[in-house]
Structure formats: structure tokens, C-alpha cells
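Read off the chains here:
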Amino acid sequence: MSASKRRYVIIGGGAAGMAATTAIREQDRLGSIVVISEEQDMPYFRPMIPFLISGKKAEADMALAGRGPYQAEGIHIRTGVRVIRVEPEAHQVYVTGGEKVPYDKLLIASGSLPNIPADIKGVEAEGVFALRTLDDARKAALRAKKGGHVIMLGGGMLNLKTAFSLLERGLDVSLVVHSPQVLSQLMEPEDAALIRKALDMAGLKILTGCNAERIISDKDGVTSVALTNGMEIPCRMVFIGKGVLPNVDFLSNGPVHIDHGVVVNQYTATNVPDIHAAGDVAATFDPATGKMIVAGLWTNAVEMGRCAGNNMAGNVTRYGGAFGIQNATQVADVPFVSMGVVHTKGNDFETHTAESYGSYRRLVFSPDGTRLAGAVFVRDISRAGLYRFLIREAMDIGRIKAQIIDHKLHYGHFVCSPLAKGG
Amino acid sequence: MPGPREIFVRIDRCMGCHSCELACAVEHSKNKSLYNAISEHPQPKKRIYVERADTQACVPVLCRHCEEAPCMHACICGAISRNKEGVVLTDSGKCIGCWTCVMVCPYGVIGRHLETHKSYRCDRCPDRDIPACVDACPTHALIYHTVEDFSQGVRKDTARQMTAGQGG
Ligand SMILES: Cc1cc2nc3c(=O)[nH]c(=O)nc-3n(C[C@H](O)[C@H](O)[C@H](O)COP(=O)(O)OP(=O)(O)OC[C@H]3O[C@@H](n4cnc5c(N)ncnc54)[C@H](O)[C@@H]3O)c2cc1C
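Residues numbered from 1 in each chain as written. Chains lettered and ligands numbered in written order. Predicted model: local features only at pLDDT ≥ 70, side-chain atom pairs only at ≥ 80, totals over all residues. Heavy atoms only, no water.

### Observations concerning the overall build of chain A
Consideration 1: Looking only at helices and strands, one finds nine helices and 27 strands in chain A.
Consideration 2: In summary, chain A has a C-alpha radius of gyration of 23 Å against a globular reference of 22 Å for 423 residues, a match within 12%.
Consideration 3: In terms of its C-alpha atoms, chain A occupies a principal-axis envelope of roughly 70 × 65 × 35 Å.
Consideration 4: A buried classification covers 57% of the 423 residues belonging to chain A.
Consideration 5: Look at the contacts in chain A between residues 6 or more apart in sequence, and 61% of them connect residues 24 or more apart.
Consideration 6: For chain A, the accessible area works out to roughly 17300 Å², and carbon and sulfur atoms hold 51% of it. (Helix = DSSP H or I, 4+ residues; strand = E, 2+ residues; numbered from the N terminus. Rg over C-alpha atoms; globule rule 2.2 N^0.38 Å. Buried < 20%, exposed > 50% of the residue type's maximum accessible area, 1.4 Å probe, protein only. Contact = heavy atoms within 4.5 Å. Areas by Shrake-Rupley, 256 points an atom, 1.4 Å probe, with all protein chains shown as cover.)

Below you can see the structure in the form of C-alpha cells.
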């Protein structure tokens, strides 16, 4: 293999795949980089697709190449091509149409797919969506034009964002949540109270503690949803937002080790030589909890993709792990951030909660109180990044603990007061 | 070839007068005059923060335009990019106000403009030769230099202090 003209092949043109291409290009100006993407569309900012439904942004505003850090040149993107299998002995991937694409370094960045719970019947009906791709959003936007009632199954970020894009279009939206409160993955029910209030005020109807049993449809598509509590609610559209699963099907029966996601080491390498993995498809570890996780977040996917790209191009870079929880957003005009360990019921983390002037915060410390483990900020999210840094580095917080609890921390504290205890 | 200039902070010189903050906000107003800036909508915002860490020390904190800028890579809509001079810029036309950059900035220097629902940060004053904060600083706690010049200056300062300490 001539080092001057390495062949890099990337499976998936999402956040991880495209971040890898920029990192590779920064290291290797000559190597060939081919991105194989199953979607027909050129890479785009996936988190923006709800704006296509609300009409706030056009498709062109979501294109990824040439925006932000995605400025790398000489990247060959092949859209509408699916990798059917990876053949490591021959160092090639086998794609739709029977072509074989050779590689020196391969990145698996195939992302994730919506989780469609098997116990909901009738999901094939027209008008049932699990929003993941730009094309899904196009179809949803088209159907939304006809108006009517929409039922969202699941109370996570994806569904909340989508719910608002539909509300903004003037549709009636109801959210059906299994948990006692919305956003249960990202915070405890008490933390979500302020957000819940704002959602209610914004006109989102929320039914907690129940599930969908069956989606009922006729020749024009979905007509209603039957819930586990016996209710049947008429609707014209259903959105399923029940999390995602790593997209690993095409790797089954192959040598790449899979445990839920593609298992990688600290250098983003799989068990197979010259094959790396990054993004939603990868199983990695969470420094906040030490557990293996599949993260499902843009921020993680980019960071891991960059790291993988560096490693593939020979610039050895250690991956610091992915936060299972690190979300920032704004719904119903309420900004919030949730990071690190936020579920503290039944364990001995030290927590501090405060509510004032319509803002809410909860700081979670290690049981011995010396490290920040997690944080939830609602409305006042200023300088959240400092707290994230402390969580990520598991730093001994020594003298700045009071400032952390009061949400008064600023960078000056890092410069002036030595962090170590007693410093 | 010397690299592009950057804003450096000499903490020991900061008296906490906040002149830099005022100058920054005025520079980022429509009319660039203090008098008009006060009544402008959306309200002009400062992008430098003079923080008091204890009773003694003041620290001006501002965007470092990090080499591996976490905000730029984390941005979920491609609104943050780096220009040829190495300045990391937020394009407010593209910003969707998701605050992901606020969540990942380890310096805590990305602001949220509540009226416009956009994030903002230091842009190193593209219309000026010397950034407004640097120009306004009466004690030269803020200086605008290339990395090479700054470290040379620091070396000279240290040498001076050492010789002074020796009574020389
Ligand atoms: C509506 C929405 C909003 C979101 N909002 C946020 C947010 O605010 N913050 C946040 O952090 N995250 C958010 N996310 C999650 C974020 O988009 C994902 O975590 C991120 O896209 C993961 O990137 P990835 O590159 O790992 O995978 P993906 O973006 O899923 O890309 C993988 C690509 O690989 C392709 N592919 C898969 N298999 C093959 C194959 N065999 N051959 C060829 N191509 C293949 C897929 O078609 C896909 O295009 C959101 C997601 C959605 C859907």
C-alpha cells in the first residue's frame, strides 16, 4: 500500500462519516475518500429536518457540504448506493449493483434507525412516520398540508421538536407518553415540570402513562390510534419517537464484533484490522457512568467521527468516550440543557436543586461530593459548557463547589483559584 | 511568516474597569455610538466578560477561537465556521438557537440573544484594525499580537522581573 495514496471508504454520509472526511483531509491531502450513502440526498444536517415540516427552512438550507467545518475538498460522495456487505479479507465492500469498492481504511458510520416497537400494530399504514431522513420529512410535510390531528408516540426530544414543527403549521398535536412525564430519558419528572408547563401553554396535548396498542387505518391512511387505556383517538398522522437502534444489519454474519452496536476500542478501531466505526452505530463508553452505550447524538457522532478520521489517517487519537446524555435545546421557548448523570432516584449521588425566577437547576455530584457528575439547567443555561467540562474531566472540584451549586461558575474561577482541594 | 494576530489577556494588569465590555457592546451596535446603542433593538451585546474570581482578581474572559473549536464541530446546523484569519464565527442567519454551542464551550463565552433567539460571540471586530476591547483597555491588559510577538513580550517581561528581583 502506498502511503501517499491511501483509499479511504466511509459507509454513511451522516455526522460521523462527514466529520471523518474532514479530519482525514486535514491529515492526508492525497488519499482518495469515498463516501457511500444509501440515502438519495447529499449529506445534510439531520437535526434540521423538522424545519422542513414547519416550513421555517428550505432543503437547501440544510445541505452540509461547504458549511461549518465541512469544507474539505476532493471527497467523492456516492448517494443512493447501499453497502450490502463488508469483505475484510479482500479489503473491499460489496455494494448495490454488485460492484466491489476496495479500501485501505474503512469507516462504518451507518448511524441508527428508528426503533419501532413490535407491540404496536398497524405501523405500516400510510401517514405513520418515524422521522429520520430528509425524505421522511418531505413526505411528512406533504401529508401535514392536509391538516388534521396528529398523534406523537413518545415524549423524547425528537418528538417534541417535531410536535412544535407541526404546531407551527397550525396542526393539532397530541403526545402519548408511556412515562409519567415528558423527556424521561433526559431528566427526572420534577426537572421537567417547567418544560411541561410551557408545553401545555403552547397548546400541545399530553397524555402520560399510556401507550399505543394499534394504529387504525383505511385506504387514505391512518384514521385513529387505539391506546392501552382503552381510548381511541382519531388522527391523520402518527409519529413514532421511541428511540433509535444501531444500523448494523448489513454486518450480520461478518467478522466485525457487534454487541448492540459495533464495538470499538479507545482508538475507534473495531476488532477487524483497518476497520473503524463511529457515530450512532458504534458502541462506546460513557465517561460519566463508565457504562457501554450507543449515544445517538450529533455532538458525539461528530467528535467520534473526527477521532476515527484521524486514526485512519495515521494521526493516533484517543477517544474520550461519549456522553450518553448531553442535550441542549429549546422547546416552547424554554431552553434547557441536560448532561451526564441525571437519573438519581435510588442511588446515593449528592444532588442540589434550586428554582428561582422561572429557572430551574439540579446539580448532581459523586456520592463523596468531590466531583460533578451531571447537571440539568432549565431556562438559565448560561455557561453550561463549563459544567460539561467538569463532568467530562471528572475533575476534583475542591473550592469551586459553592459556585457550581449556585450556578455562578465562570472561567475566571479556573484561572484564579487552583481547583485542587485546599488550593 | 508570523501567524494572524490574537487577543491576549494579561490578567495581572486588569483592574476590572469594564471598559472593554462597554466598547465591545458599542462596536456590536448598529450606530456604533454609546448614546444610540443604549436604546437599540435588538439590544447590542458584549462578547467579553470581566469576571471577578475573588475579591482581588479580575479576569477578562473571551472567545479563544480554539484550534479544535468544540462549538464549530458540535453545531447541528453548520452555522459556525472559521475564516482565513482563524477567527471562529457564528452566522446568525444560519443559527437556529438550539444552544448546543453554549453546552460545549468550555470557556462559557457564547451568549444567547433572547430577543433574536440566536447565539453570539467574539468576532474580533471585522470592521476594525484593532478589536474594540483591546483599544479601550486603559492598562493594556488586553493586547492584540501574533503568538510569536506575545511570547517574545512575555519572555522580555519575565527577564525584566527576574533582573529587578535581583536588584539589577
Ligand atoms: C429530527 C432529528 C433531530 C435531532 N436533533 C438532534 C439534536 O438536537 N442534537 C443531537 O445531538 N442530535 C440530534 N439528533 C440525532 C443526530 O442526528 C444523530 O445522532 C446523528 O445524525 C448521528 O450521525 P451518524 O453519522 O452516526 O448517523 P446518521 O446521521 O444516521 O447517518 C448514517 C448514514 O448512513 C447511511 N447508511 C446506513 N447503512 C448504510 C449502508 N449499508 N450503506 C450505505 N449507507 C448506509 C444512512 O442512510 C445514513 O444516511 C437528531 C436526529 C433527528 C432525526
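### What to know about the domain arrangement of chain B
All names here are of chain B.
Consideration 1: One can read the domain layout of chain B as domain 1 (19-62 + 127-163) and domain 2 (64-121).
Consideration 2: Just the C-alpha atoms count here: the centres of domain 1 and domain 2 sit 20 Å apart.
Consideration 3: Contact residues are listed per partner, giving nine residues for domain 1 and nine residues for domain 2.
Consideration 4: Taken as a group, K45, R47 and L62 account for 53% of the area that domain 1 buries against domain 2, more than any other trio of residues on that side. (Domains from an automatic or database assignment. Buried area = accessible area lost by both parts, 1.4 Å probe.)

### Details of a nonpolar patch on the surface
Residue and element names in this part refer to chain B.
Consideration 1: Together, L22, L34 and I38 line one region of the surface with nonpolar side chains, adding up to about 310 Å² of accessible area.
Consideration 2: If you trace the backbone, I38 turns up in the loop between α2 (34-37) and β2 (48-52).
Consideration 3: Exposure remark for I38: the relative accessible area of 65% places this residue in the exposed category. (Patch = residues over 30% accessible without salt bridge, like charges linked within 9 Å, V, L, I, M, F, W, Y side chains within 5 Å. Salt bridge = Lys/Arg side-chain N within 4 Å of Asp/Glu carboxyl O.)

### Brief notes about the interface of chain B and chain A
Interface size is commonly expressed as the accessible surface area that is lost when the partners come together.
Consideration 1: With 34 residues of chain B in contact, the opposing surface of chain A contributes 38 residues.
Consideration 2: Of the roughly 2900 Å² buried between chain B and chain A on both sides combined, carbon and sulfur atoms contribute 63%.
Consideration 3: For chain B, the biggest contributors to the area lost against chain A are B:H73, B:I76 and B:M103; these three give 23% of the whole.
Consideration 4: Viewed at the interface, chain A and chain B are joined by two salt bridges.
Consideration 5: At the junction of chain B and chain A, the tally comes to eleven residue pairs in polar contact (both at pLDDT 80 or more).
Consideration 6: Counting only elements with at least two residues in the side of chain B that touches chain A, the list comes to β2, β3 (58-62), α3 (70-74), β4 (80-82) and α4 (100-104) of chain B.
Consideration 7: Residue contributions to the side of chain B that touches chain A peak at four residues, all from α4(B). (Polar contact = N/O pair within 3.5 Å; in protein donor to acceptor, adjacent residues only side chain to side chain.)

### A word on unusual backbone geometry
Working note: non-glycine residues mostly have negative phi, and peptide bonds are mostly trans.
Consideration 1: In this structure, the amide linkage connecting B:H41 to the following residue, B:P42, adopts the cis form with an omega of -10°.
Consideration 2: Note that B:P42 resides in the loop between α2 and β2.
Consideration 3: The backbone of A:R383 shows a phi angle near 55°, a positive value even though the residue is not glycine.
Consideration 4: Following the sequence through the fold, A:R383 ends up in the loop between β27 (372-378) and α7 (384-393).
Consideration 5: In this structure, B:R124 takes a positive phi of about 55° despite not being glycine.

### Let's talk about the environment of B:K32
All names here are of chain B.
Consideration 1: Topologically, K32 is positioned in the loop between α1 (19-27) and α2.
Consideration 2: Overall, K32 belongs to the partly exposed group, its relative accessible area being 36%.
Consideration 3: Apart from residues no more than four positions distant in its own chain, K32 is found in contact with V26, E27 and D127.

### Points about the domain arrangement of chain A
Consideration 1: Assigned domains of chain A: these are domain 1 (3-113 + 245-312), domain 2 (128-242) and domain 3 (341-416).
Consideration 2: The distance between the C-alpha centroids of domain 1 of chain A and domain 3 of chain A comes to 33 Å.

### Topic: the nonpolar core
Residue and element names in this part refer to chain A.
Consideration 1: Grouped together as the largest cluster of nonpolar side chains are 162 residues, with contacts concentrated most on V86, V93, I108, L199, L204 and I404.
Consideration 2: Broken down by element, this core gets its largest block of residues, seven residues, from helix α6 (residues 298-312).
Consideration 3: Ranked by size, the runner-up nonpolar core spans 16 residues in total, among them A125, V176, C210 and I240. (Core = buried A, V, L, I, M, F, W, Y, C linked by side-chain atoms within 4.5 Å.)

### A short note on the site of the ligand
Consideration 1: Lining the immediate surroundings of the ligand are 35 residues, of which A:E39, A:R46, A:R132, A:K161 and A:D280 lie closest.
Consideration 2: Near the ligand, residues from chains A and B are present, making the site a shared one.
Consideration 3: Relative to its unbound accessible area of 1000 Å², the ligand is 94% covered by the protein chains.
Consideration 4: Of all elements in the fold, only α1 (15-27), β2 (32-37), α4 (157-168) and α6 of chain A reach the threshold of two or more residues within the shell around the ligand.
Consideration 5: Looking at the shell around the ligand element by element, the count peaks at three residues for α6(A).
Consideration 6: Here the residues of the shell around the ligand sort into 17 nonpolar, eleven polar and seven charged.
Consideration 7: Here the shell around the ligand spans two domains, and each of domain 1 (3-113 + 245-312) and domain 2 (128-242) of chain A adds at least three residues to it. (Near = heavy atom within 4 Å. Nonpolar A, V, L, I, M, F, W, Y, C, P; charged D, E, K, R; others polar.)

### A closer look at the pattern of salt bridges
Residue and element names in this part refer to chain A.
Consideration 1: Counted according to the given criterion, the structure contains 31 salt bridges over all chains.
Consideration 2: With its nearest N and O atoms 3.0 Å apart, the salt bridge here joins K139 to D135. Separated by four residues within a single helix, K139 and D135 lie in helix α3 (residues 134-144), roughly one turn from each other.

### Let's talk about α7(A)
Because each turn of an α-helix spans 3.6 residues, side chains separated by three or four positions end up pointing in the same direction.
All names here are of chain A.
Consideration 1: With eight of ten residues buried, α7 lies mostly within the body of the structure.
Consideration 2: Three or more residues of α7 are buried, namely A384, G385, L386, Y387, R388, L390, I391 and R392.
Consideration 3: Backbone geometry just downstream of α7 places A394 in the positive-phi region, at approximately 45°.

### Some thoughts on the sheet that holds strand β21 (residues 282-285) of chain A
Residue and element names in this part refer to chain A.
Consideration 1: The strand order β18-β19-β21-β22 describes an open sheet built from four strands, whose pairing is mixed. Looking at the sheet topology across the chains shown, the edges are occupied by β18 (258-259) and β22 (292-293).
Consideration 2: The sheet contact formed by strand β19 (residues 261-263) and β21 spans two bridges and is parallel. Along β21, the bridge assignment pairs V263 with A283. (Pairing = 2+ DSSP bridges.)

### What about the state of the cysteines?
The bond known as a disulfide is covalent and runs between the sulfur atoms of two cysteines.
Residues and elements named next belong to chain B.
Consideration 1: Under the defined criterion, the tally for this structure stands at zero disulfides over all chains.
Consideration 2: No disulfide involves C66; its sulfur sits 6.3 Å from the nearest other cysteine sulfur, which is in C63.
Consideration 3: Free of any disulfide, C125 has its nearest neighbouring cysteine sulfur in C133, separated by 6.2 Å. (Disulfide = S-S within 2.5 Å.)

### Quick notes on the sheet that holds strand β26 (residues 359-365) of chain A
Residue and element names in this part refer to chain A.
Consideration 1: Spatial ordering of the open sheet is given by β23-β24-β27-β26-β25, a layout of five strands whose pairing is antiparallel. Edge strands, defined here as strands with exactly one partner in the open sheet, are β23 (326-331) and β25 (350-356). In this sheet, adjacent strand axes meet at a mean angle of 10° when their direction is disregarded.
Consideration 2: Sheet topology note: the strand β24 (residues 334-340)/β27 ladder contains five bridges and is antiparallel. What sits directly across from V337, in β27, is F377. (Axes fitted to C-alpha atoms, helices over the stretch in contact; angles between N-to-C directions.)

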